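If you want the building blocks of each chain, they are given just below.
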Amino acid sequence: MAQQIGEDTKVTLDLKTLGMVAAGIGTIVAMWFALQADIAEAKELPIPPSPDITRMEFDMKDQLVRQTIMSTQEDITEIKEDIKRIEEKIDQLK
């Protein structure tokens with residue numbers, strides 16, 4: 001049987017339920033005001049200084065990375081040549 005909600009519907013709430021609803025609303029309101037206070041405080045804080053990385057440091061680090069890549073590439077080429085020689089020796093042993 002489905003019940004319909006209308007003008008004659010009675011809703012009963014006890015004091016415990018009303019108190020819990022009031023406490024919940026109070027908690028939400030308190031959190032809202034605390035959040036607003038934190039936002040206002042954050043707006044007043046000084047802006048952090050920019051990092052002290054200069055263009056020269058960036059260029060030097062970039063150059064170092066590029067040199068490392070090139071030296072790694074040369075090492076890989078040498079390793080490939082060594083592998084070819086080892087494969088040739090293995091083929092000769094067969």
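Conventions used here
- Residues numbered from 1 in each chain as written.
- Predicted model: local features only at pLDDT ≥ 70, side-chain atom pairs only at ≥ 80, totals over all residues.
- Heavy atoms only, no water.
- Salt bridge = Lys/Arg side-chain N within 4 Å of Asp/Glu carboxyl O.
- Helix = DSSP H or I, 4+ residues; strand = E, 2+ residues; numbered from the N terminus.
- Buried < 20%, exposed > 50% of the residue type's maximum accessible area, 1.4 Å probe, protein only.
- Patch = residues over 30% accessible without salt bridge, like charges linked within 9 Å, V, L, I, M, F, W, Y side chains within 5 Å.
- Areas by Shrake-Rupley, 256 points an atom, 1.4 Å probe, with all protein chains shown as cover.

Caption draft 1: Highlighting the pattern of salt bridges. Under the definition given, this model contains three salt bridges. Between Arg55 and Asp59 there is a salt bridge, with the nearest N and O atoms lying 3.5 Å from each other. Placement of both Arg55 and Asp59 in helix α2 (residues 55–93) is noted, with a separation of four residues, approximately one turn of the helix. Arg55 gets classed as exposed once you look at its relative accessible area, which sits at 59%. Classification of Asp59 as partly exposed rests on a relative accessible area of 36%. With a closest N to O distance of 2.8 Å, Arg85 and Asp82 form a salt bridge. Taken together, the residues Arg85 and Asp82, both in helix α2 and three residues apart, mark about one turn of the helix. The partly exposed category is assigned to Arg85, whose relative accessible area is 46%. Looking at Asp82, the relative accessible area reads 34%, which means it is partly exposed.

Caption draft 2: Focus on a nonpolar patch on the surface. Where nonpolar side chains cluster on the molecular surface, the patch consists of Val21, Ile25, Val29, Trp32, Phe33, Leu35 and Ile39 and spans about 680 Å² of accessible area. Note that Ile25 resides in helix α1 (residues 15–44).

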